[in-house]
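Fold and geometry: a report
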Amino acid sequence: VIIFNFFIFLRGTKDKAEFVKLTGQVVYYEKQYKDLPNRHFGKYRYLQLSNYNKTFDVFIGNESGDFKPSFEQLDLVHAGDTIDVYFDDSDEEKNEPVNRLIQYVDRGNVSLYIKGSKDIYFGMGIIIFCSLLIVVLVIVKRKGTIT
């Protein structure tokens, strides 16, 4: 679990140039895609490019408690626009109908979306929790409380 979350933390700290960059024409941009979203309606956008076989699932929630993006103006995107999408292409996403690992969206030199720091907080939080749990288990084992 610690190693898995270390990779999530690293994804959150990557520079824009370290992600896969795809430039393409928008063929679909809506608030729904097939049966998605199945919760939190209005907090997602679905984006398809002409030269990519998957649809991007983008979380844009900005209410209190949401892991909101750092910057978001995706509703300025229209079908026919040419945009640059920066995303992670991981093995876990290969069998999914959508790609949820979008990090940045640019139109020309103008940023339209910058993902928030959820990966950093989530990854570091789980790493700290698991590390503390290991320390507690070692202490309890040494005291003989567990065998």
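Our subject is the structure listed above.
Summarised in this report is the structure supplied together with it. (Residues numbered from 1 in each chain as written. Predicted model: local features only at pLDDT ≥ 70, side-chain atom pairs only at ≥ 80, totals over all residues. Heavy atoms only, no water.)

In the structure shown here, the tally under the stated rule is 10 aromatic pairs. Measuring from ring centre to ring centre gives 4.9 Å for Y52 and F56, while their planes differ by 10°; the resulting arrangement is stacked. Residue Y52 shares its accessibility class with F56, and that shared class is buried. Connected via pairs of aromatic rings, a cluster forms that spans Y28, Y33, Y44, Y46 and F59. (Phe/Tyr/Trp six-rings, centres within 6.5 Å; stacked < 30°, edge-to-face > 60°. Buried < 20%, exposed > 50% of the residue type's maximum accessible area, 1.4 Å probe, protein only.)

What follows concerns the environment of Y52. Among the structural elements, Y52 can be located in the loop between β2 (44-49) and β3 (55-59). A C-alpha to C-alpha distance of 8.2 Å links Y52 and L22, two positions 30 residues apart in sequence. Residues contacting Y52, with those up to four places away along its chain left out, are L22, F87, D89 and N99. One polar contact links Y52 to N99, side chain to side chain, over a distance of 3.2 Å. (Helix = DSSP H or I, 4+ residues; strand = E, 2+ residues; numbered from the N terminus. Contact = heavy atoms within 4.5 Å. Polar contact = N/O pair within 3.5 Å; in protein donor to acceptor, adjacent residues only side chain to side chain.)

What follows concerns the environment of Y121. Relative to the assigned elements, Y121 resides in helix α2 (residues 118-142). It is 9.5 Å that separates the C-alpha atoms of Y121 and I8, two residues lying 113 residues apart in sequence.

Time to look at the pattern of salt bridges. Opposite charge on two side chains lets them pair, provided their charged atoms get close. Scanning the model with the defined rule gives six salt bridges in all. A salt bridge links K16 to D106; the nearest nitrogen and oxygen atoms lie 2.4 Å apart. Of this pair, K16 sits in the loop between α1 (2-13) and β1 (20-30) while D106 is found in strand β7 (residues 102-107), placing the two residues 90 residues apart along the sequence. Residue E96 is joined to R100 by a salt bridge in which the shortest nitrogen-to-oxygen separation is 3.5 Å. Within this structure, D57, E96 and R100 form a network of salt bridges that share partners. (Salt bridge = Lys/Arg side-chain N within 4 Å of Asp/Glu carboxyl O.)

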